[in-house]
Amino acid sequence: MDQLATLAVVGGDVRQAYLADLLRADGHTVHTYALERHPVAGCTAASDLRSCFADRQAVILPLPVQHRDALLNAPLSNAPHPLADVLDAIPPGTLTLAGAVPFWVHARAVQNDLHLIDYLAREELAVRNAVPTSFAIRPLDRPKKATDPAMSGRACRFVMSYVLMYGQTRR
């Protein structure tokens, strides 16, 4: 029997909410933060960062991780969240996954002793993300359909499998 993980999914857009739901559906315990406008059934919405990150095997941050100058990319949150505050609240040694990570975030992760992995830097995800991104550039009069590749959740499945494989190989 596989050991199930306790994870934190933080910020992002509907892809993060979808990822949280997929992880929960696979039996993992998922805590969310900064997704107030899109609550995920079966996941625990944390009211503060420290409780969201306590005793978690991994923290999954969005793609891209940064919005504007130094804010967490969290369009589904009711408030802005400084990315430095988010990184400072993650316990040292925690596996932290994020996408399109700027240099200063890598430096802060090293300073805080976080095991940060930029999942967009991995070729598997970069290639899979390129196709949906290219489909996102379309005439404005053509509405997005549920069958568009961007809606398929391939990137979410990749990140989910990466989190789970990392846990298997790290032991």
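Keep in mind it's a predicted model, so treat the numbers as computed, not measured.

Within the protein, the secondary structure is distributed over six helices and eight strands. The secondary structure elements of the protein, listed N-terminal to C-terminal, are β-α-β-β-α-β-β-β-α-β-α-β-α-α. Out of the 171 residues in the protein, the part that is buried amounts to 44%. Put simply, 54% of the contacts in the protein that link residues at least 6 apart link residues at least 24 apart. As displayed, the protein offers around 9200 Å² of accessible surface, 56% of which is attributable to carbon and sulfur atoms.

As for its placement among the helices and strands, L7 is situated in strand β1 (residues 6–10). Note on L7: relative accessible area 0%, which makes it buried. Sequence spacing of L7 and V59 is 52 residues, and the spatial spacing of their C-alpha atoms is 6.0 Å.

Our focus in this paragraph is the side chain of D118. Mapped onto the fold, D118 is located in strand β8 (residues 115–118). In this structure D118 is buried but unpaired, with R122 as the nearest side chain of opposite charge at 9.4 Å. At a separation of 3.0 Å, a polar atom in the side chain of D118 contacts the main-chain amide nitrogen of V101. Of the polar contacts made by the side chain of D118, one reaches the backbone nitrogen of L120; its length is 3.1 Å. Residues contacting D118, with those up to four places away along its chain left out, are A98, G99, A100, V101 and H106.

Time to look at the nonpolar core. Across soluble globular proteins, nonpolar side chains show a tendency to be buried alongside one another. Of all hydrophobic cores here, the largest spans 24 residues; its most connected members are V10, F53, L61 and L72. Mapped onto this core, the elements with two or more residues apiece are β1, α2 (49–53), α3 (83–89) and α4 (103–111). With four residues, the top contributor of residues to this core is α3. Discounting chain neighbours no more than four positions away, the residues touching V10 are Q16, Y33, C52, F53, V59, I60, L61, P62 and L72. Listed in part, the 20 residues of the second largest apolar core include L23, V40, C43 and I117.

Moving on: helix α1 (residues 14–25). Here α1 spans 16 Å end to end across twelve residues, near enough to the 16 Å set by a 1.5 Å rise per residue. When α1 is considered as a whole, its buried residues turn out to be Q16, A17, L19, A20, L22 and L23. Phi turns positive one or two residues past the end of α1, at G27, with a value near 100 degrees.

The tally for this structure, following the rule as stated, stands at four salt bridges. The shortest N-O distance in the salt bridge between R108 and D88 comes to 2.7 Å. Within this pair, whereas R108 is found in helix α4, its partner D88 is found in helix α3, the two being separated by 20 residues in sequence. Among the residues examined, R108 registers a relative accessible area of 22% and is labelled partly exposed. Overall, D88 belongs to the partly exposed group, its relative accessible area being 31%. As a salt-bridge pair, R122 and E124 come within 3.0 Å of each other at their nearest N and O atoms. Classification of E124 by relative accessible area gives partly exposed; the value is 38%.

Looking now at the environment of G11. Among the secondary structure elements, G11 is positioned in the loop between β1 and α1. Owing to a relative accessible area of 0%, G11 belongs among the buried residues under this scheme. Leave out the neighbours within four places in its chain, and G11 touches Q16, Y33, A34, L35, P62, L72, N73 and A74.

Locating Q111 in the fold gives a position in helix α4. In the structure, Q111 is positioned 19 residues away from P92 in sequence and 9.5 Å away in space, judged by C-alpha atoms.

About the cut-offs
Residues numbered from 1 in each chain as written. Predicted model: local features only at pLDDT ≥ 70, side-chain atom pairs only at ≥ 80, totals over all residues. Heavy atoms only, no water. Helix = DSSP H or I, 4+ residues; strand = E, 2+ residues; numbered from the N terminus. Buried < 20%, exposed > 50% of the residue type's maximum accessible area, 1.4 Å probe, protein only. Contact = heavy atoms within 4.5 Å. Areas by Shrake-Rupley, 256 points an atom, 1.4 Å probe, with all protein chains shown as cover. Lys, Arg positive; Asp, Glu negative; His and termini not counted. Salt bridge = Lys/Arg side-chain N within 4 Å of Asp/Glu carboxyl O. Polar contact = N/O pair within 3.5 Å; in protein donor to acceptor, adjacent residues only side chain to side chain. Core = buried A, V, L, I, M, F, W, Y, C linked by side-chain atoms within 4.5 Å. Expected span 1.5 Å × (residues − 1).

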